[in-house]
Amino acid sequence: MYNSIDAKSNDIKSNYHLLISGIVPRPIAFVGSKNNNGDENLAPFSFFNGFGANPPIVGFSPALSGRTGEPKDTLLNIKEFPEFSISIVNYDIVEQMSLASSEYSRDIDEFTKSGFEKFKCDNIAVSAVKGSPFIMECKLYDVIELGGKPASGNLILGEVVKFHVRKDIYTDDRIDPIKIDAVSRLGYSWYSRSNKGLFEIKKPRENGIGFDALPDYILKSKYFSGNELAKLAGVNSIPSFSTNNLTDNKEQIISDCKKLLSEDQIDKAWQLIIHLGNILIEK
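In this report, the structure presented in the accompanying data block is examined. (Residues numbered from 1 in each chain as written. Predicted model: local features only at pLDDT ≥ 70, side-chain atom pairs only at ≥ 80, totals over all residues. Heavy atoms only, no water.)

**Quick notes on unusual backbone geometry**
Residue V24 is joined to P25 through a cis peptide bond whose omega torsion reads -10°. The omega angle of the peptide bond from N54 to P55 is 5°, so this bond is cis rather than trans. Structurally, the position occupied by P55 is in the loop between strand 4 (48-53) and strand 5 (56-60). One non-glycine residue with positive phi stands out, namely D172, at about 55°. (Helix = DSSP H or I, 4+ residues; strand = E, 2+ residues; numbered from the N terminus.)

What follows is the structure, encoded as structure tokens:
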């Protein structure tokens, strides 16, 4: 037995959620693009896959805004400057990827906001994500409009002109499926990790403050991973707290903060971050 649903009489949002929940898992294209002014953009897309090997063709589909029908920055950029990079997302950078999915304005560099170092490509003048295990340099092959209405897709096809495979995942001319540790998208806030299984990430409700707004004593420390920093950078403003009656032991503060971040208790983690800053200032 099935629940049979007529797509034409269904509303757009319901059709969208059926697609993203039923077509699973979907690989994530972390697309780097730039406009004619040289402003770079970074955005994740899970309507993405490979479509041929001779020539090597990959494609992804940025949808028009479901509310306004306006195109996204990536589509506008690639129409202006027909090159783009694709950086595969693995678990080490998944929280930063989620932060980069915020709807920053077109002149904001999401590489900076999400704390990524730029990888300089060889054959295209667009950056990729340094740290991604697998990078493709692409030149635009075609753009196919798929409706031209709010929430309609735009299939962007690119020819891969160069691959970059991180050495630690590449053995005997093969990518190790365990070591790549790629992350894929499911419905709602669910993801899948290629060597572990399901996990959940809540997308930021508002644009996060970004890595560039984190205090240097945290951003430049050796104690926090990119994923942990991304959780701190995902708040829309740095909260203020009373830091009375907290330990002054730096190692304990850091340990407690990391535990709170692992439990997604972000406000409490920020309380410890602020307290740590006060201790460092007093010293």
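Read on, since the account is not over.
**Comments concerning the environment of S61**
The topology assignment puts S61 in the loop between strand 5 and helix 2 (73-80). For S61, a relative accessible area of 12% corresponds to the buried category. In this structure, the C-alpha to C-alpha distance between S61 and L146, residues 85 residues apart in sequence, is 9.3 Å. Residues in contact with S61, not counting those within four places in the same chain, are F45, F47, L146, G153, N154 and L155. Among the polar contacts made by the side chain of S61, one reaches the main-chain amide nitrogen of N154 at a distance of 3.2 Å. (Buried < 20%, exposed > 50% of the residue type's maximum accessible area, 1.4 Å probe, protein only. Contact = heavy atoms within 4.5 Å. Polar contact = N/O pair within 3.5 Å; in protein donor to acceptor, adjacent residues only side chain to side chain.)

**Some details on the sheet that holds strand 10 (residues 153-165)**
Where strands meet in a sheet, backbone hydrogen bonds hold them as pairs that are either parallel or antiparallel. Here we have seven strands laid out as an open sheet, ordered 3-2-6-9-10-5-4, and antiparallel in their pairing. At either margin of the open sheet sits one strand with a lone partner, and together these are strand 3 (40-45) and strand 4. Sheet twist, expressed as the average angle between the axes of neighbouring strands with direction ignored, equals 30°. Judged from the six bridges that link them, strand 2 (residues 29-34) and strand 3 form a sheet pairing that is antiparallel. Within the sheet, the bridge partner assigned to V31 lies in strand 3 and is A43. (Pairing = 2+ DSSP bridges. Axes fitted to C-alpha atoms, helices over the stretch in contact; angles between N-to-C directions.)

**Points about the pattern of salt bridges**
Opposite charge on two side chains allows them to pair when their charged atoms are near. In this structure the tally under the stated criterion is 14 salt bridges. Residues E263 and K259 are paired through a salt bridge, measuring 2.6 Å at the closest nitrogen-oxygen approach. Taking the relative accessible area as the measure of exposure, E263 reaches 37% and is therefore partly exposed. When salt bridges that share partners are traced, they join E40, D109 and K118 into one network. (Salt bridge = Lys/Arg side-chain N within 4 Å of Asp/Glu carboxyl O.)

**Some remarks on the nonpolar core**
Counting residues in each nonpolar core, the largest one holds 25 residues, and the members touching the most others are L214, F224, L232 and W270. Sorting the residues of this core by element identifies helix 6 (226-233), helix 7 (250-262) and helix 8 (266-282) as the ones contributing at least two each. Broken down by element, this core gets its largest block of residues, eight residues, from helix 8. (Core = buried A, V, L, I, M, F, W, Y, C linked by side-chain atoms within 4.5 Å.)

**A few points about the packing of helix 6 against helix 7**
One can describe the packing of helix 6 onto helix 7 by two numbers: an axis separation of 10 Å at closest approach and a directional angle of 75°. The angle between the axes of helix 6 and helix 7 places the two elements in the roughly perpendicular class. Residues E228, K231 and L232 of helix 6 lie in contact with helix 7, whose contacting residues are K258, L261 and S262. Of the residues contributing to the contact of helix 6 with helix 7, the split by class is two nonpolar, one polar and three charged. (Parallel < 35°, antiparallel > 145°, perpendicular 65-115°, else oblique. Nonpolar A, V, L, I, M, F, W, Y, C, P; charged D, E, K, R; others polar.)

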